[in-house]
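# Geometric and topological summary
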Amino acid sequence: MVVRAFRTESMFISLQEPSLYTVKAILILDNDGDRLFAKYYDDTYPSVKEQKAFEKNIFNKTHRTDSEIALLEGLTVVYKSSIDLYFYVIGSSYENELMLMAVLNCLFDSLSQMLRKNVEKRALLENMEGLFLAVDEIVDGGVILESDPQQVVHRVALRGEDVPLTEQTVSQVLQSAKEQIKWSLLR
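Because the structure is a prediction, the values reported are computed rather than measured. (Residues numbered from 1 in each chain as written. Predicted model: local features only at pLDDT ≥ 70, side-chain atom pairs only at ≥ 80, totals over all residues. Heavy atoms only, no water.)

The full count for this structure, using the stated rule, is one cavity of 30 Å³ or more. The computed volume of the largest cavity comes to approximately 40 Å³. Surrounding the largest cavity, Lys24, Ala25, Tyr40, Asp42, Thr44, Tyr45, Phe54, Leu75 and Ile90 form its lining. In terms of residue class, the lining of the largest cavity is built from six nonpolar, one polar and two charged. (1 Å grid on protein atoms, 1.4 Å probe; cavity = no way out; pocket = protein on both sides within 12 Å on 5 of 7 lines; lining within 4 Å. Points joined across faces, edges and corners; volume = space filled by probe spheres on them. Nonpolar A, V, L, I, M, F, W, Y, C, P; charged D, E, K, R; others polar.)

Here the focus is the environment of tyrosine 40. Inspection of the secondary structure assignment puts tyrosine 40 in strand 4 (residues 35-40). On the basis of relative accessibility, which here comes to 17%, the residue tyrosine 40 falls in the buried class. Those residues in contact with tyrosine 40 that lie beyond four places of it in its chain are Lys24, Ala25, Leu27, Arg35, Tyr45, Gln51, Phe54 and Glu55. In this structure the side chain of tyrosine 40 is engaged in a polar contact, spanning 2.8 Å, whose partner is the side chain of glutamate 55. (Helix = DSSP H or I, 4+ residues; strand = E, 2+ residues; numbered from the N terminus. Buried < 20%, exposed > 50% of the residue type's maximum accessible area, 1.4 Å probe, protein only. Contact = heavy atoms within 4.5 Å. Polar contact = N/O pair within 3.5 Å; in protein donor to acceptor, adjacent residues only side chain to side chain.)

Looking at chain direction, strand 3 (residues 25-30) and strand 4 are connected through five bridges and run antiparallel. Note that in strand 4 the partner of leucine 27 across the bridge is alanine 38. Count of turn residues in the strand 3/strand 4 antiparallel hairpin: four residues, of which glycine 33 carries a positive phi of about 85°. (Pairing = 2+ DSSP bridges.)

Most of helix 4 (residues 128-138) sits inside the fold, with eight of its 11 residues counted as buried. Listed as buried for helix 4 are Met128, Gly130, Leu131, Leu133, Ala134, Val135, Glu137 and Ile138.

Note on placement: tyrosine 79 falls in strand 6 (residues 75-82). We classify tyrosine 79 as buried; its relative accessible area is 5%. Separated by 21 residues in sequence, tyrosine 79 and leucine 100 place their C-alpha atoms 9.4 Å apart. With residues near it in sequence (within four places) discarded, tyrosine 79 still touches Thr62, Thr65, Ser67, Glu68, Ile69, Ala70, Phe87, Tyr88 and Leu104.

Further remarks concern the confidence of the model for the protein chain. On average, the protein chain scores 82 in pLDDT, and the residues at 70 or more come to 83%. For the protein chain, per-element mean pLDDT is lowest for strand 1 (residues 3-7), which scores 52, and highest for strand 3, which scores 94. (pLDDT = per-residue confidence, 0-100.)

Listed below in structure tokens is the structure:
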């Protein structure tokens, strides 16, 4: 990363080179601070032990507050809670909080639609595949790809329909074959 600095009359200004890599991590913790989902996009915390210590620290600093943003360990943390879940999006200290909040809101709203407004631990654990797909649609390698929850839900639904033949039931395979035959006859 290149840092440019220049001097004006009475102050010193340092500018960070712009980057698409805005998200350092996405976390979902339960109401005890235990990890339900974590995806780190860089090596700020390379080991699982360091990640879990960071997650405990974030939870201890945020679970009793009503604010939506925190600066912790040189990182910007935006967060939201729902019933027994805590959602976190983490970026660097110079990152735009509005961009991070857009990712957080997109994730939360997407999950809310996918879980039929029942965003709580049990429902989330039963739909972890949908969570993984949604996160992959929103952020890839730390780069924000999508911030519209409708688009995310639509794409997750499309990807969920592409189940490999080995994971489909016999009735699903027969239904798929019927559909393909029907469409080939209608052409």
